Amino acid sequence: GKKLPGKGAYIGIFTMALSFILSCLLFVKFVGGASPVEFNYPWFKFGEKIMSAGILIDGLTAVMLVVVTLVSLLVHIYSVGYMHNDIRYSRYFSYLSLFTFSMLGLILSNSFFEVFIFWELVGVCSYLLIGFWFEKKEASDAGKKAFITTKIGDLGFTLGIFLLFVAFGTFNFNELKISIVGANETLLTIIAILIFCGAIGKSA
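The paragraphs below set out a description of the structure included in this document.

The next subject is helix α2 (residues 59–82). Over its 24 residues, α2 extends 34 Å from the first C-alpha to the last, a length consistent with the 34 Å expected when each residue adds 1.5 Å. Every buried residue of α2 is accounted for by Thr61, Ala62, Leu65, Val66, Val68, Thr69, Ser72, Leu73, His76 and Ser79. In this structure, the buried side of α2 is in contact with α1 (9–31), β2 (49–57) and α3 (89–108). For α2, the capping residue at the N-terminal end is Asp58, with a side-chain oxygen 3.3 Å from the backbone nitrogen of Leu60.

Sheet analysis places strand β1 (residues 37–46) next to β2, joined by nine bridges and oriented antiparallel. Bridge pairing in β2 places Phe39 opposite Ile55. Remark: two residues form the turn of the hairpin made by β1 and β2, two consecutive strands paired antiparallel; Gly47 in that turn has positive phi of roughly 65°.

Let's shift gears to the nonpolar core. In terms of nonpolar packing, the biggest core is built from 15 residues, with Phe112, Phe157, Ile161, Leu164, Phe171 and Ile195 touching the most fellow members. Elements supplying a minimum of two residues to this core: α4 (112–130), α5 (137–168) and α7 (185–203). The greatest single-element share of this core, amounting to five residues, is contributed by α5. Core analysis: the second largest hydrophobic core is formed by twelve residues, Tyr89, Phe93, Tyr95 and Phe99 among them.

Turning to α7, a few remarks are in order. Residue pairs spaced three or four apart in an α-helix point in one direction, given the helix's 3.6 residues per turn. End to end, α7 covers 27 Å across 19 residues, agreeing with the expected 27 Å (1.5 Å per residue, within 8%). All of the buried residues in α7 are Ile191, Leu194, Ile195, Gly198 and Gly201. Relative to the axis of α7, the buried residues are bounded by an arc of 105° and lie together on one face. Pointing more than 90 degrees away from the buried face of α7 are the exposed residues Glu185, Thr186, Phe196 and Ser203. Against α4 and α5 lie the buried residues of α7. Between a side-chain oxygen at the N-terminus of α7 and the backbone nitrogen of Thr186 the separation is 2.9 Å; the capping residue is Asn184.

Helix-helix packing: each pair is described by the crossing angle between the helix axes and the interaxial distance. Packing of α4 against α5 brings their axes to within 8 Å, and their N-to-C directions diverge by 175°. On the basis of their axis angle, the class for α4 and α5 is roughly antiparallel. Residue-level contacts link Phe112, Val115, Phe116, Trp119, Glu120, Tyr127 and Ile130 of α4 to Ala139, Ala142, Gly143, Lys144, Ala146, Phe147, Lys151, Asp154, Phe157, Thr158, Ile161 and Leu164 of α5. For the contact of α4 with α5, the class distribution of residues is 13 nonpolar, two polar and four charged.

About the cut-offs
- Position numbers for residues start from 1 in each chain and track the written sequence from start to end.
- Residues qualify for local features only when their pLDDT is at least 70, as the model is predicted, and side-chain atom pairs are given and counted only at 80 or more; totals for whole chains, interfaces and linings, by contrast, use all residues.
- Each side-chain value is derived from all of the structure's non-hydrogen atoms; neither hydrogens nor water enter the calculation.
- Secondary structure elements follow DSSP: runs of H or I of four or more residues count as helices, runs of E of two or more count as strands, with numbering from the N terminus.
- Given a helix with a known number of residues, its expected span is that number minus one, times 1.5 Å.
- A simple rule labels every residue: compare its accessible area, found with a 1.4 Å probe on the protein chains alone, to the largest value its type can have, and call it buried under 20%, exposed over 50%, or partly exposed in between.
- The contact criterion used is simple: two residues touch if any of their non-hydrogen atoms lie within 4.5 Å.
- What qualifies as a polar contact is a pair of N or O atoms within 3.5 Å, subject to a donor-acceptor requirement within protein and to the restriction that residues adjacent in sequence count only when both atoms come from side chains.
- Paired strands, as defined in this entry, are two strands with at least two bridges between them according to DSSP.
- Within this scheme, the nonpolar core is defined by two criteria: the residues are buried Ala, Val, Leu, Ile, Met, Phe, Trp, Tyr or Cys, and they are joined through side-chain atoms within 4.5 Å.
- Note that the arc is computed from the directions linking the helix axis to the C-beta atoms.
- Axes here mean lines fitted to C-alpha atoms, for a helix over just the part in contact, with angles spanning 0 to 180 degrees between N-to-C directions.
- Every angle not falling under 35 degrees, over 145, or within 65 to 115 is termed oblique; those three ranges are roughly parallel, roughly antiparallel and roughly perpendicular.
- Each residue is assigned to one of three groups, with Ala, Val, Leu, Ile, Met, Phe, Trp, Tyr, Cys and Pro labelled nonpolar, Asp, Glu, Lys and Arg labelled charged, and all others, Gly among them, labelled polar.

Read these as geometric descriptors, not functional statements.
Written out as structure tokens, the structure reads:
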């Protein structure tokens, strides 16, 4: 941390700038008509099911990569001045970088199982950053409030994705796209509302 150039800030800024450039190149490819790309790797066995880890890059992913890397790059740059002389300067940038990593993981995930993992990481980072100045009561209380609010929303989110798995036997987006055709509309509506609860909790 403190021994790195810029106490760790410069590494974050450099990697975000590089990520933004790569995201722009990817975006241009998809504007030019590139086809979606998916990478899938076996991860672990769950009963008879083989759980995979992977990434899915399509048009929506390309757009969101540009948005997240640009905003995160600007936040990293702005934070150099905003956090100047703070005693936990390096720690702040490690939290910020972990937050960005989690958001990018969320965007690149090819299954609801991976989305859940990165979703929870985003929640942890929100808690760490909102309550960063934990010695101040208002910051500490705000961090706890954010954590509890997101956990309530995550209950619905968790139920929704596990209902999907029970009903269709997969978390994978492309496999679900095929499986849900002709499925019970009431069930799909309940699942969608439960997953939306996660977004409500995060927004709150």
